[in-house]
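Below are the chains, spelled out letter by letter.
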Amino acid sequence: MIAVPLDENKKDVCVSFGRAPYVLFYDTETKKQEICENPAAQAQGGAGLKAAQFLVDHKVNVLITIRCGQNAAEVLQAAEMSIYEAQGTDAETNLAAYAEGKLEPLSHFHAGFHGKA
Amino acid sequence: MKKLLILSGKGGTGKTTTTASFIRFSQAQVFADCDVDAPNLHLVSHVEGNPAVSDYYGSEKAWIDPQKCLGCGICADACRFHAIHETDGVYQADEYACEGCGVCTAVCPYGAASLKEDKAGSLFLYDGNPVFSSAKLKMGRGNSGKLVSAVKSAMTEAAPPAELAIIDGSPGIGCPVISSISGVDLVLIVTEPSLSGLHDLKRIVETASIFRAKTAVCVNKYDLSPEKTAEIEAYCQEEEIPFLGRVPYDPSASRAINEGLPLSEIDCPARDALYEVYRKTMSLLDIQP
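To start, this report covers the structure provided alongside it.

Conventions and cut-offs
Residues numbered from 1 in each chain as written. Chains lettered and ligands numbered in written order. Predicted model: local features only at pLDDT ≥ 70, side-chain atom pairs only at ≥ 80, totals over all residues. Heavy atoms only, no water. Axes fitted to C-alpha atoms, helices over the stretch in contact; angles between N-to-C directions. Helix = DSSP H or I, 4+ residues; strand = E, 2+ residues; numbered from the N terminus. Parallel < 35°, antiparallel > 145°, perpendicular 65-115°, else oblique. Left-handed = near helix turned anticlockwise from the far one by under 90°. Contact = heavy atoms within 4.5 Å. Salt bridge = Lys/Arg side-chain N within 4 Å of Asp/Glu carboxyl O. Buried < 20%, exposed > 50% of the residue type's maximum accessible area, 1.4 Å probe, protein only. Pairing = 2+ DSSP bridges. Buried area = accessible area lost by both parts, 1.4 Å probe.

A look at the packing of helix α1 (residues 47-57) of chain A against helix α2 (residues 70-78) of chain A
All names here are of chain A.
In step 1: Put simply, α1 and α2 touch, their axes get as near as 8 Å, and they point 20° apart. Taken together, α1 and α2 sit at an angle that is classed as roughly parallel. α1 and α2 meet at a crossing whose hand is right-handed. Along its contact with α1, which presents Gly48, Leu49, Ala52, Gln53, Leu55 and Val56, the element α2 presents Asn71, Ala72, Val75 and Leu76.

Section: the pattern of salt bridges
In step 1: On inspection of all chains with the given rule, the structure shows 13 salt bridges over all chains.
In step 2: Residue A:Lys102 pairs with A:Glu100 through a salt bridge whose shortest N-O separation is 2.8 Å. Just as A:Lys102 is exposed, A:Glu100 falls in that class too.
In step 3: A salt bridge links B:Glu265 to B:Arg24, with the nearest nitrogen and oxygen atoms 3.1 Å apart. In this pair, B:Glu265 is assigned in the loop between α9 (251-258) and α10 (269-284) and B:Arg24 in helix α1 (residues 15-26), connecting sequence segments 241 residues apart.

Describing the sheet that holds strand β1 (residues 2-6) of chain A
Picture the strands of a sheet paired through backbone hydrogen bonds; they go either parallel or antiparallel.
Residues and elements named next belong to chain A.
In step 1: Overall, mixed pairing links the five strands, which are arranged β3-β2-β1-β4-β5 in an open sheet. Of all the strands in the sheet, just β3 (32-37) and β5 (82-85) have a single pairing partner and so form its edges. Across the sheet, the axes of successive neighbouring strands diverge by a mean angle of 25°, strand direction being ignored.
In step 2: As paired elements, β1 and strand β2 (residues 22-27) share five bridges and run antiparallel to each other. Paired with isoleucine 2 across the two strands is tyrosine 26, which belongs to β2.
In step 3: Along the sheet face, α1 touches β1, β2, β3 and β4 (62-65) and points at about 25° away from the line of β2.

Section: the interface of chain A and chain B
In step 1: Between chain A and chain B, the residue contacts involve eleven residues of the former and twelve residues of the latter.
In step 2: Taken together, the two surfaces of chain A and chain B that pack against each other cover about 950 Å², and 53% of this comes from carbon and sulfur.
In step 3: For the pair chain A and chain B, the interface holds one salt bridge.
In step 4: Here A:Glu8 ties to B:Lys3 by a salt bridge, and the two come within 3.9 Å at their closest N and O atoms.

Observations regarding the environment of A:Gln53
In step 1: Its place among the elements puts A:Gln53 in helix α1.
In step 2: When the C-alpha positions of A:Gln53 and A:Arg19 are compared, they lie 13 Å apart, and in sequence the two are 34 residues distant.

Re the side chain of B:Lys228
In step 1: Of note, B:Lys228 is situated in helix α8 (residues 226-238).
In step 2: Overall, B:Lys228 belongs to the buried group, its relative accessible area being 18%.

Some remarks on the pairing of β2(A)
Residue and element names in this part refer to chain A.
In step 1: Taken across its six residues, β2 has five buried, putting it largely inside the fold.
In step 2: Across six bridges, the pairing between β2 and β3 is antiparallel. The partner of tyrosine 22 across the bridge, within β3, is glutamate 37.
In step 3: Linking β2 back to β3 in an antiparallel pair, the connection comprises four residues, with lysine 31 at a positive phi of about 60°.

Geometry only, nothing functional implied.
What follows is the structure in structure tokens.
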């Protein structure tokens, strides 16, 4: 299962992982896509952690994202999820690029935007 | 609907003045004030009627039931924020110090502590023509980013099919600013020719680029320092940021603004220069001015 955080338009990759309004799930076996609301988008705090848990619950093993914070990364890595860096704007192109092996693993995890790791 | 956000980095550069004038120039039907810490767009952008007011709940805070509290103080010892204090034999949580972590609810042997939703501000929505969304954050509350998201969603939900929405942002580069940037088509940064103006401009440009937002810059009160204005223009050129113009300092403009009139309503050189900035902004957004 592949996950991509989506913008309000449900098409483009969202610059935020934790507070993305939607998440695209792509089942690589059945080739089916599903767009779900991200329950973490409205979280009071710790949105990254909650979004990460949401992905783990959906049995995601590949995440394609523009960026990802340290706290979320710890959860994702504990679940042995592979994290790739999104390129360009829309999610479809990124799914295709991933299938062709053209995406690079995300190497930098930021410390968050609230001054604490 | 294209969304234009107006930011400045430094405070007091003329962000709200610019926003109010752009609202008049474009006869905007949809706008919002996302400066929830110090909203003041309503002072220069009058909207008829009364807004629908709703409470905004940001996070939860501890509440200790005085009927159940036996005064053991276990909660106060466990609270890492030192937010729980004893008065007359019972313990109470200080709403300003409480971070809502809930450790008191876990350690209280008598079930006296619970978390309650905390009102962190009010949302105001004028849902007519125009649609105007704004909010006020309560003192000491830390959920400004979330409140900004709420202001923007209220605006988008109430908006008629319009070509343009204009959003007034807040100074700085913190949570409410980042929250205001998400989903906008263009960020117009209004700066001023001063050491701090340029310094803070660089910080907001960097912040906007992290979130992949398209930016453009204009200088207000440019003639107060033509040298600094030249420095700002050189910086924009180096960073390949569209530079949309210079607005002169105009004492008559300041007087009118203090009377609650946007600059667009006064016949003066500053208004004409600002109109030119407006025209170029619309062209960047692919909108006919």
